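These are the residues of each chain, in order.
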Amino acid sequence: KTGRILTEFLRFYEDQYGVALFNSMRHEIEGTGLPQAQLLWRKVPLEERIIFSGNLFQYQEDNKKWRNRFSLVPHNYGLVLYENKVAYERQVPPRAVINSAGYKILTSVDQYLELVGNSLPGTTSKSGNAPILKCPTQFPLILWHPYARHYYFCMMTEAEQDKWQAVMQDCVRHCNNGIPEDSKVEGPAFTDAIRMYRQSKELYGTWEMLCGNEVQILSNLVMEELGPELKAELSPRLRGKPQERQRQWIQISDAVYRMVYEQAEAHFQGVLSKLQLARPAMEAVIRTDMDQIITSKEHLASKIRAFILPKAEVCVRNHVQPYIPSILEALMVPTSQGFTEVRDVFFKEVTDMNLNVINEGGIDKLGEYMEKLSQLAYHPLKMQSCYEKMEPLRLDGLQQRFDVSSTSVFKQRAQIHMREQMDNAVYTFETLLHQELGKGPTKEELCKSIQRILERVLKKYDYDSSSVRKRFFREALLQVTIPFLLKKLAPTCKSELPRFQELIFEDFARFILVENTYEEVVLQTVVKDILQAVKEAAVQRKHNLYRDSMVMHNSDPNLHLLAEGAPIDWGEEYGDSGGDRGEGSCSPGSPEAATLSEKRRRAKQVMSVVQDEDTGLPFQAGSEPPSPASPDSVTEVRSLLSQGLRAESPPPESSLLNGDPAQESPQPTAAPRASSPPVSPAQHLPPGKAVDLEPPKPSDQETGEQVSSPSGCPRIRTTEDSLGMQTEF
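Residues numbered from 1 in each chain as written. Predicted model: local features only at pLDDT ≥ 70, side-chain atom pairs only at ≥ 80, totals over all residues. Heavy atoms only, no water.

Moving on, we get to the overall build of the protein. Along the protein, the regular secondary structure elements total 19 helices and nine strands. Counting the 729 residues in the protein, one finds 54% classified as buried. Taking all contacts inside the protein whose residues are at least 6 apart in sequence as the whole, residues at least 24 apart take part in 81%. Put simply, the protein shows about 31700 Å² of open surface, and 51% of that area lies on carbon and sulfur atoms. (Helix = DSSP H or I, 4+ residues; strand = E, 2+ residues; numbered from the N terminus. Buried < 20%, exposed > 50% of the residue type's maximum accessible area, 1.4 Å probe, protein only. Contact = heavy atoms within 4.5 Å. Areas by Shrake-Rupley, 256 points an atom, 1.4 Å probe, with all protein chains shown as cover.)

Right under this line is the structure:
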């Protein structure tokens, strides 16, 4: 069954590969791009850091006992479980490495039992029967997957549960987004092939299991068909009490899923190798015949348009157009709140850092606090308030009409955009501040410089976040409406498509497909309404969106050149280790320098982004004195910072989490590398009290026009039509 499904799917993938290659090369030549981003983009955000580490209890299914486990989350977001901390420090291989793509995080046993009960018909436990799982505390965390094995954890306190839930949700969010963003051919070809294959099975709309890397997605595709057949075949043969039958089914499903994964990996790698060998010859044809291919495609599109347009326009007018404003409003409210929260968190963290730098003697403490700030976007707890804004997203009534299986795909995409924009803002602030420090400012000058740079970065953030949100809204609207239109038009249009095949020259058949061209024509019928709806929404100031005519000048033309240098190491340049250089400096190639470098490398391995202590920064804006009264305006904050006030309380000592890189364990999912790269320090404290400062409001007074090709920032997986409009289905 797996072989048959994969063979059929991979035919779609081979077809889409040629189309994606042509679209990619055409895009490079024509250079249609997005507005110039104002913020810089960090190339290696985590730099082999450990995001989180700590202890939790795990349920062992083999002996049905709970055991304490030392767990950590490395830079690739694979949850790694060790026997204990000693085993980790001695580099003993981990007991498990969990790729959490496709998992759901459950915080109650009742939620879990409901999902398990629904997974196998006729096994609902009667009252009085022992449940499938008993948790020793009131604070469980359960990783549930529709096909793979489940993982059971519990914590001792609600605070620990909240902390681990935020960390694991971050793991799921990252692993679900598993196809590389910089893949310009393989990625779009794969996602389009998935969509085409499911549409051939009359499955339209969003698919919740389009998550993970390509092999995981293929495994989910197979299990979508295989699972129900397997369940019908085996369910009558399971014996024992209801909870025992449920346990047996979970184990069977996991075993089958692993078998399917192995077959999918072999099939996919084989086809991918074959296509990569054929790629140079395909590129040569495209370069030679680009104009003829474009002409041929436009001729085909004109013929399909003449046939399809009258029916499509009626369908759009009657079934889509009236609902676009409602869908857009449902998306915009939580998304805009989330991006506003990102702005507020960034403002608060920089303001708190500025207070602490000025109160603790200026530049001496700068390296320590900038190390913490540099990893703000990857601190699951500090970002949680931003991510939570997306949770209320609902498409009530519209979800059934447009066959949207779940809104999670939109929530997670928006949350990933939030994390990217936060990191871009932090990195731009870092780069500008590092440049300013080269001028040797005094403590008072440093304080004013930090405030001035913060305002510049916030203005850039307002512009970039507006562009990102508008692009997200357009793509989300297309993602909702296009499958609905294709499903509506299929009965009258799809059977007529084969007759258009004769319009394609045989030499160009790998780069032009009738089905893709048909979908582009359908897209063009609704894209005007979507663009108009987003444009009208930008005029409403409550969403803090720039109008299309309001494009920010690139006020820092040389800013992107600053990002070309080596990454800033705040701990080495401005931390305690940097102070050692004054006493008997060593030449770079000397043994002393190598020893010093090794000491610094080891020091960086012992911290993770999230720390265990619950204390905040010693001086926080909006907290108790240093000042007689809490400031409630930006003017007062500036005044407070410029006075250089000192408080008497010393900064708290921060505990360290020892850590070495995780070793890979043989698993059928992605795992951390087996090597032992240095893990840089990214010490962060949990959030302190809520800020009661009002950050500067967005401003759209700067005008001008400037458009260039995208600068490498990650973006939604897209398919490109002849108009240059990008969308994901």
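That covers the picture; the talk isn't over yet.
Counting buried residues along strand β6 (residues 139-144), six of its six residues qualify, which places the element largely inside the surrounding structure. Every second residue of β6 is oriented toward a common face, with F139, L141 and L143 on one face and P140, I142 and W144 on the other, all of them buried. Note: strand β5 (residues 104-106) against β6, three bridges, orientation antiparallel. Residue pairing for β6: I105 is matched across the bridge by L143. The sheet contact formed by β6 and strand β7 (residues 151-155) spans five bridges and is antiparallel. Within β7, the position partnered with L141 by the bridge is F153. Linkage of β6 to β7, two consecutive antiparallel strands, is achieved through a turn of six residues. (Pairing = 2+ DSSP bridges.)

Now for the sheet that holds strand β1 (residues 52-60). Reading across from one edge, β4-β3-β2-β1-β7-β6-β5 is the order of the seven strands in this open sheet, with antiparallel pairing throughout. Each of the sheet's edge strands pairs with one partner strand only, and the pair in question is β4 (96-98) and β5. On average, adjacent strands in this sheet sit at an angle of 35 degrees to one another, irrespective of strand direction. Docked against the sheet, helix α3 (residues 109-119) engages β5, β6 and β7, running at close to 25 degrees with respect to β6. Its contacts with the sheet put helix α4 (residues 158-176) on β1, β2 (65-73), β3 (79-82), β5, β6 and β7, and the angle it makes with β6 is roughly 15 degrees. (Axes fitted to C-alpha atoms, helices over the stretch in contact; angles between N-to-C directions.)

Glycine aside, the phi torsion of most residues is negative, and most peptide linkages are trans. A positive phi angle, near 55 degrees, is found at K64, a position not held by glycine. With respect to the helices and strands, the residue K64 is situated in the loop between β1 and β2. For Y77, which is not glycine, the phi dihedral falls at a positive 65 degrees. Looking at the secondary structure, you find Y77 in the loop between β2 and β3. Classification of Y77 as buried rests on a relative accessible area of 1%.

Our focus in this paragraph is the pairing of β2. Successive side chains on a regular strand alternate, one facing one side of the sheet and the next facing the other. In terms of strand pairing, β1 meets β2 through nine bridges, oriented antiparallel. Each bridged residue has a counterpart across the sheet, and for Q60 the counterpart in β2 is K65. Counted between consecutive antiparallel strands, the loop separating β1 from β2 contains four residues, among which K64 sits at a positive phi close to 55 degrees. Connecting the antiparallel pair β2 and β3 is a turn made up of five residues, with Y77 showing a positive phi of about 65 degrees.

Below, the discussion takes up the packing of aromatic side chains. A full pass over the atoms with the stated rule returns 22 aromatic pairs. With centroids separated by 6.3 Å and ring planes inclined at 80 degrees, the aromatic side chains of F9 and Y197 adopt a geometry described as edge-to-face. Residue F9 is found in helix α1 (residues 2-30), and its partner Y197 is found in helix α5 (residues 186-200); the two are separated by 188 residues along the sequence. Taken individually, F9 and Y197 each receive the classification buried, so the pair is uniform in this respect. Taken together, a centroid distance of 4.6 Å and an interplanar angle of 90 degrees make the contact between F52 and W164 edge-to-face. Pair noted here: F52 is in strand β1 and W164 is in helix α4, with a separation of 112 residues, a long-range link. We classify F52 as buried; its relative accessible area is 1%. A network of ring pairs unites the aromatic residues F9, F12, Y13, Y17, F190, Y197 and F268 as a single cluster. (Phe/Tyr/Trp six-rings, centres within 6.5 Å; stacked < 30°, edge-to-face > 60°.)

Attention now moves to the packing of helix α7 (residues 242-320) against helix α13 (residues 443-493). It is the contact of α7 with α13, at a shortest axis distance of 10 Å, that shows an interaxial angle of 130 degrees. Relative to α13, the element α7 lies oblique. Pair α7 / α13 crosses with right-handed handedness. For the pair formed by α7 and α13, the contact residues are F307, I308, K311, A312, C315, V316, H319 and V320 on the first element and T481, F484, L485, K488, L489, T492 and C493 on the second. Here the residues of the contact of α7 with α13 are counted per class, giving ten nonpolar, three polar and two charged. (Parallel < 35°, antiparallel > 145°, perpendicular 65-115°, else oblique. Left-handed = near helix turned anticlockwise from the far one by under 90°. Nonpolar A, V, L, I, M, F, W, Y, C, P; charged D, E, K, R; others polar.)

Per-residue confidence for the protein gives a mean pLDDT of 78; residues scoring 70 or more make up 72%. Under a pLDDT of 50 for its full length, residues 599-607 has, in the predicted model, 30 contacts with residues more than four places off or in other chains. Low confidence marks residues 624-729, where pLDDT is under 50. Its contacts with residues over four positions away, or in another chain, come to 325 contacts. (pLDDT = per-residue confidence, 0-100.)

Take the environment of E214 next. Examined against the element boundaries, E214 turns out to sit in helix α6 (residues 214-234). Sequence-wise, E214 and P180 are 34 residues apart; in three dimensions their C-alpha atoms are separated by 9.8 Å. Sequence-distant contacts of E214, that is, excluding residues within four places in its chain, are made with I179, P180, F190 and F268.

On to the state of the cysteines. Within this structure, the stated rule accounts for zero disulfides. With no disulfide of its own, C135 lies 4.0 Å from the sulfur of C154, the closest cysteine sulfur. Free of any disulfide, C211 has its nearest cysteine sulfur in C175, 10.0 Å distant. Overall, the relative accessible area of 4% leaves C211 in the buried class. (Disulfide = S-S within 2.5 Å.)

Quick look at helix α14 (residues 514-539) now. For the α-helix, the turn length of 3.6 residues means that residues three or four positions removed from each other point alike. Over its 26 residues, α14 runs 39 Å from end to end, which matches the ideal 38 Å to within 8%, given 1.5 Å per residue. Most pronounced at V526, the bend in α14 amounts to some 40 degrees. (Expected span 1.5 Å × (residues − 1). Bend = angle between axes of the 7 residues up to and from the residue.)

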